[in-house]
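Survey of secondary and tertiary structure
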Amino acid sequence: MMNLILFIHQAAFKKGVILENIIDGYFDGTKRQTLRTVNALKEKLKKGAGFTKNEIFILLVDSRSRLNELTSLIDLLEGKRIILILPDESKTTLSIASKFFPRFFTFVSETYNDLCDVLHKMTKQANINTN
């Protein structure tokens, strides 16, 4: 079973509720954990023993300052399947985001159709690999 780890900072609560509702609606049988602080995400990543190949980290980055803050965790995120949700399409934001080597990135949205399509493919692929 796929385990989705969402990082939605407490300051991005309203944007996060939209994302959580969409994820819960489309991926009902999937285990989901939401982390609301950078420290909580850092602690989760440090628990390397709890890491499984069936984890996908979805990081909702609500501002460029939050993106800069998360760069301190790049080493801990290495080798993880990461999806970034970015605050804007500026060259600076995209340049910083590329350092995470995400499997996919998109932008803050009301629907996240593109994210759901990618997650569906990733979870389907994971199910094939575990059977």
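Everything here concerns the structure above.
Attention in this report is confined to the structure presented alongside it. (Residues numbered from 1 in each chain as written. Predicted model: local features only at pLDDT ≥ 70, side-chain atom pairs only at ≥ 80, totals over all residues. Heavy atoms only, no water.)

As a further point, take the pattern of salt bridges. Evaluation of the coordinates by the stated rule reveals 7 salt bridges. D24 is the partner of R32 in a salt bridge, and the nearest nitrogen-oxygen pair spans 2.8 Å. You can call D24 partly exposed: its relative accessible area is 35%. Residue E55 is joined to K44 by a salt bridge in which the shortest nitrogen-to-oxygen separation is 3.5 Å. One end of the pair, E55, is in strand β3 (residues 55–60); the other, K44, is in helix α2 (residues 38–46), with 11 residues separating them in the sequence. Note on accessibility: E55 and K44 belong to one class, buried. (Salt bridge = Lys/Arg side-chain N within 4 Å of Asp/Glu carboxyl O. Buried < 20%, exposed > 50% of the residue type's maximum accessible area, 1.4 Å probe, protein only. Helix = DSSP H or I, 4+ residues; strand = E, 2+ residues; numbered from the N terminus.)

On to the side chain of H9. Tracing the backbone shows H9 in the loop between β1 (3–8) and α1 (13–26). A distance of 3.3 Å separates the side chain of H9 from the side chain of R66, its partner in a polar contact. The contact partners of H9, leaving out residues within four places of it in the chain, are R36, T37, V38 and R66. (Polar contact = N/O pair within 3.5 Å; in protein donor to acceptor, adjacent residues only side chain to side chain. Contact = heavy atoms within 4.5 Å.)

For the rest of this paragraph, the subject is the nonpolar core. It is characteristic of soluble globular proteins that their nonpolar side chains tend to be buried jointly. In this structure, L19, I58, I83 and L119 are the most contacted members of the largest nonpolar core, which totals 21 residues. Residue assignment for this core shows that the elements contributing at least two residues are β1, α1, β3, β4 (81–86) and α6 (113–130). Per-element accounting of this core gives the leading share, 5 residues, to α6. Not counting residues within four places of it along the chain, the set of residues in contact with L119 comprises L4, I23, F27, I56, I58 and I83. Of all hydrophobic cores here, the second largest spans 19 residues; its members include F7, L35, F57 and V61. (Core = buried A, V, L, I, M, F, W, Y, C linked by side-chain atoms within 4.5 Å.)

We now examine the packing of aromatic side chains. Within the structure shown, the criterion is met by 2 aromatic pairs. Look at Y26 and F27: their rings are 6.5 Å apart centre to centre, the planes differ by 45 degrees, and that puts the pair in the tilted class. Summarising the aromatic geometry, the rings of F105 and F107 are spaced 6.0 Å apart at their centres and angled 80 degrees between planes, so their arrangement reads as edge-to-face. Residue class for F105 comes out partly exposed when judged on its relative accessible area of 39%. (Phe/Tyr/Trp six-rings, centres within 6.5 Å; stacked < 30°, edge-to-face > 60°.)

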